[in-house]
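Inside the fold
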Amino acid sequence: AMNRVQLLGRVGQDPVMRQVEGKNPVTIFSLATNEMWRTGDSEVNQGGEIWHPTLLFLCILGDISQKTTWHRISVFRPGLRDVTYQYVKKGSRIYVEGKIDYGEYTDKNNVRRQATTIIA
């Protein structure tokens, strides 16, 4: 079995480092990825931006549709966690590789929630 995710996108906010009592610290940030396609067509390009040559060509042919997906990224490995916290900034375009993790938690209103996180 394999659980592997590769993302290329832009950081949504400066990373934060959190530590829960008795656990190792973790650096957390959000990453936006974009899918773009010409209206009426099937998916044409994933992760591109409007300056991409394929999309410039599509602009001539018709309307461009875009979908932005936000991903929660958690970095636990000590070296990578610290470098991410220090150097990654809001708006940075970065490549992330990791695994997908589905978890549950109870929010402050005692409601059970599901969360999807990329563990980098």
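The sections below set out a description of the structure shown in this document. Values in this document were obtained by computation on a predicted structure and should not be read as measured data.

Right, let's get into the pattern of salt bridges. Enumeration over the complete set of coordinates arrives at four salt bridges. Across the salt bridge formed by Glu97 and Arg4, the nearest N and O atoms sit 3.1 Å from each other. Note that Glu97 is positioned in strand β6 (residues 93-106) and Arg4 in the segment before β1 (5-11), a separation of 93 residues in sequence. Put simply, Asp107 and Arg113 hold a salt bridge, and the shortest N to O gap is 3.0 Å. For Arg113, a relative accessible area of 39% corresponds to the partly exposed category.

Here the focus is the pairing of strand β7 (residues 112-119). As judged from the three bridges shared by strand β5 (residues 64-75) and β7, these two strands associate in the parallel manner. Residue pairing for β7: Ile73 is matched across the bridge by Ile118. In this structure, β6 lies alongside β7, joined through eight bridges in antiparallel fashion. Of the residues in β7, the one forming a bridge with Lys99 is Ile119. Between β6 and β7, which pair antiparallel one after the other, the connecting turn spans five residues, and Asn110 there sits at a positive phi close to 65°.

Below, the discussion takes up unusual backbone geometry. Of note in the backbone geometry, Asn110 takes a positive phi value of approximately 65° without being a glycine. Here Asn110 lies in the loop between β6 and β7. Overall, Asn110 belongs to the exposed group, its relative accessible area being 64%.

What follows concerns the pairing of strand β3 (residues 26-38). For a regular strand, the rule is simple: side chains alternate between the two faces of the sheet. For β3, a buried count of ten out of 13 residues is recorded, marking the element as mostly surrounded by other parts of the structure. When β1 meets β3, the two strands line up antiparallel, connected through two bridges. Along β3, the bridge assignment pairs Arg10 with Ala32. The sheet contact formed by strand β2 (residues 16-18) and β3 spans three bridges and is antiparallel. Paired with Arg18 across the two strands is Val26, which belongs to β3. As judged from the twelve bridges shared by β3 and β5, these two strands associate in the antiparallel manner. Along β5, the bridge assignment pairs Ser30 with Arg72.

Thresholds, definitions, all that
- Along each chain, numbering runs from 1 in the same order as the chain's sequence is written.
- Local features in this predicted model are restricted to residues of pLDDT 70 or higher, and side-chain atom pairs are both shown and tallied only at a pLDDT of 80 or more, whereas totals for entire chains, interfaces and linings draw on every residue.
- Excluded from the side-chain calculations are hydrogens and water; all other atoms, namely the structure's heavy atoms, are used.
- Salt bridges are counted wherever a side-chain nitrogen of Lys or Arg sits within 4 Å of a carboxyl oxygen of Asp or Glu.
- Secondary structure counts use DSSP, requiring at least four H or I residues in a row for a helix and at least two E residues in a row for a strand, with both numbered from the N terminus.
- Burial here depends on accessible area, computed with a 1.4 Å probe over protein chains only, as a share of the maximum for the residue type. Under 20% is buried, over 50% is exposed, and the range in between is partly exposed.
- Paired strands, as defined in this entry, are two strands with at least two bridges between them according to DSSP.

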